[in-house]
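Residue-level listing of the chains:
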2 protein chains.
Amino acid sequence: MPPRYTEDPTPAEWKILSLVWDEGPLAARDVLSSLEGETDWSTSTVKTLLRRLVDKGHLRTRKVGNSFLYSASKSPLRSLRRAGEDLLGRASGATVAPLLAHLVKNSGLDSAELENLRALIDRLAKEAEA
Amino acid sequence: MPPRYTEDPTPAEWKILSLVWDEGPLAARDVLSSLEGETDWSTSTVKTLLRRLVDKGHLRTRKVGNSFLYSASKSPLRSLRRAGEDLLGRASGATVAPLLAHLVKNSGLDSAELENLRALIDRLAKEAEA
DNA sequence: AGAGGTCGTCTACCTTTGTAGACAGTCGTC
DNA sequence: GACGACTGTCTACAAAGGTAGACGACCTCT
C-alpha cells in the first residue's frame, strides 16, 4: 500500500484523542495522569502518540511556558462520523438495521435524546414513503 | 503492547471479510474477481488476507477439490457489534446522540426497518422514564 | 504420460503502529 | 547562577499490516 492519505487514528491514538476531546485542552502530563489506571503507557509512549496525532492533523498545540496544550483540531463529530461511515460500509444490507438497533440500545441516550432520534426517524419514514 | 487477543480485522481485511459475508461461501478466485475494479490487489495479496482472516478466526474454510471455500466463522452481526461498540466508546457523552443520528440518516433503512427502530426507541424511552 | 493451468503455502520486504530510552532545552527556585 | 524537575525531540526497535513473487502440489485435457 502506497502512502495512505486518510490518516485515520489508530486504536492507541483514538484512546488519547477521545481523552483530549473529553477533557478540553490538556498538557501531556494531564493526559498521562488521566490514563493512569487505564493503561500503563510510559511518558514517552504518550508523547509519541500525541505527536503523531498532531502530525496526522487531529490535534493542534498551543505553546504555554515550556510545554504544549493539546486540543482537537477537527470537530470530534466529524472524525466520529467518518469512522461511523466506515462501519456502516462494512455491514451488508441485512445487517445494517440490527447493527443500528444494537448501537442505539447500548448508547445510553437519555429521554430527550431518544425523543430527538425518534423525531428524526419519523421524518425519514415520511420521506421513505414518498 | 503485548500480544493482542482481540484479533480484530484490519481495514484491508474488513474489505475481504464483508465481501465474503455478502456473497456467501467464496473461493479465493471469486473474491479476486469481485474485487476487480475496486482494488488492484494481486492474487497473492488477496490470498494472504484470506489466510490471515482464517488465522484470526473470522473465516473458516471447506476444502473443495484442490481449493478452499471461505465462509464466515462468526456471525457478521457479532463482529459488527464489536466494532460498533468501539466506535461508541470513542464518542463522548455529548457526541453519541449526533453520531447515531448521522448513522441512521445515512444507513438507507427502508420503511419497515425504520418502523422497527422506532419501536425500539419507544421501548427504551419508556424504560428511561422509569 | 505430459503440458498447461490453477491453487495454496512460504518467504520476503517495506510501512505503520506500539512502546520506550536517552538527551538537551527551559523554568522556577534557593 | 547553579540545581533539580519537567518538557519536548530524536532515535530505536519489535510487531503488525500491506503487498507480492516464487514455487511445489494438483487437476485436467489430450
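Note that the coordinates shown come from a computational prediction; the quantities given were computed from them, not determined experimentally.

Conventions we followed
- Residues numbered from 1 in each chain as written.
- Chains lettered and ligands numbered in written order.
- Predicted model: local features only at pLDDT ≥ 70, side-chain atom pairs only at ≥ 80, totals over all residues.
- Heavy atoms only, no water.
- Core = buried A, V, L, I, M, F, W, Y, C linked by side-chain atoms within 4.5 Å.
- Buried < 20%, exposed > 50% of the residue type's maximum accessible area, 1.4 Å probe, protein only.
- Contact = heavy atoms within 4.5 Å.
- Domains from an automatic or database assignment.
- Axes fitted to C-alpha atoms, helices over the stretch in contact; angles between N-to-C directions.
- Helix = DSSP H or I, 4+ residues; strand = E, 2+ residues; numbered from the N terminus.
- Parallel < 35°, antiparallel > 145°, perpendicular 65-115°, else oblique.
- Left-handed = near helix turned anticlockwise from the far one by under 90°.
- Least-squares fit on C-alpha atoms with pLDDT ≥ 70 in both.
- Salt bridge = Lys/Arg side-chain N within 4 Å of Asp/Glu carboxyl O.
- Polar contact = N/O pair within 3.5 Å; in protein donor to acceptor, adjacent residues only side chain to side chain.

1. Topic: the nonpolar core
Counting residues in hydrophobic clusters, the biggest one holds 74 residues, and the most contacted among them are Ile16(A), Val31(A), Ile16(B) and Val31(B). Among all residues touching Ile16(A), those that are not within four sequence positions of it are Val31(A), Leu35(A), Trp41(A), Val46(A), Leu49(A), Leu50(A) and Leu53(A).

2. Some points on the domain arrangement of chain A
Domains assigned within chain A are domain 1 (11-72) and domain 2 (91-129). Here the C-alpha centroids of domain 1 of chain A and domain 2 of chain A sit 33 Å apart.

3. Digging into the packing of helix α2 (residues 28-35) of chain A against helix α3 (residues 43-55) of chain A
Residues and elements named next belong to chain A. Where α2 contacts α3, the two axes come as close as 10 Å, and the packing angle between them is 120°. In terms of orientation, α2 lies oblique with respect to α3. Crossing angle aside, the handedness with which α2 passes α3 is right-handed. Taking contact as the criterion, the partners of Ala28, Val31, Leu32 and Leu35 in α2 are, on α3, Thr43, Val46, Lys47 and Leu50.

4. Let's talk about the relation of the copies chain A and chain B
Superposition of chain A onto chain B requires a rotation of 180° combined with a translation of 0.0 Å along the rotation axis, giving an RMSD of 0.1 Å. Taken together, the turn and the small shift mark the pair as related by a two-fold rotation axis. When each C-alpha of chain A is compared by its distance to the rotation axis, Arg118(A) comes out closest, at 3.0 Å. Both copies present the same face, since 100% of the interface residues in chain A are matched by interface residues at the equivalent positions in chain B.

5. A few points about the interface of chain A and chain B
Across the contact, 44 residues belong to chain A and 44 residues belong to chain B. Connecting chain A to chain B are 2 salt bridges. With a closest N to O distance of 1.9 Å, Arg118(B) and Asp122(A) form a salt bridge. For the pair chain A and chain B, the interface holds 5 residue pairs in polar contact (both at pLDDT 80 or more).

6. Concerning the pattern of salt bridges
Any two side chains of opposite charge can pair, so long as their charged atoms come close to each other. Taken as a whole and judged by the stated rule, the model has 10 salt bridges over all chains. Notably, a salt bridge pairs Asp8(A) with Arg82(A), separated by 3.3 Å at the nearest N-O pair. You can see Asp8(A) sitting in the segment before α1 (11-22) and its partner Arg82(A) sitting in helix α4 (residues 76-90), a full 74 residues away along the chain. Taking relative accessible area as the criterion, Arg82(A) reaches 44% and is therefore assigned partly exposed. Note that Lys15(B) and Glu38(B) form a salt bridge whose closest N and O atoms lie 3.1 Å from each other. In this pair, Lys15(B) is assigned in helix α1 (residues 11-22) and Glu38(B) in the loop between α2 (28-35) and α3 (43-55), connecting sequence segments 23 residues apart. Using a relative accessible area of 52% as the deciding quantity, one classes Glu38(B) as exposed. What emerges from the salt-bridge pattern is a single network uniting Glu115(A), Arg118(A) and Asp122(B).

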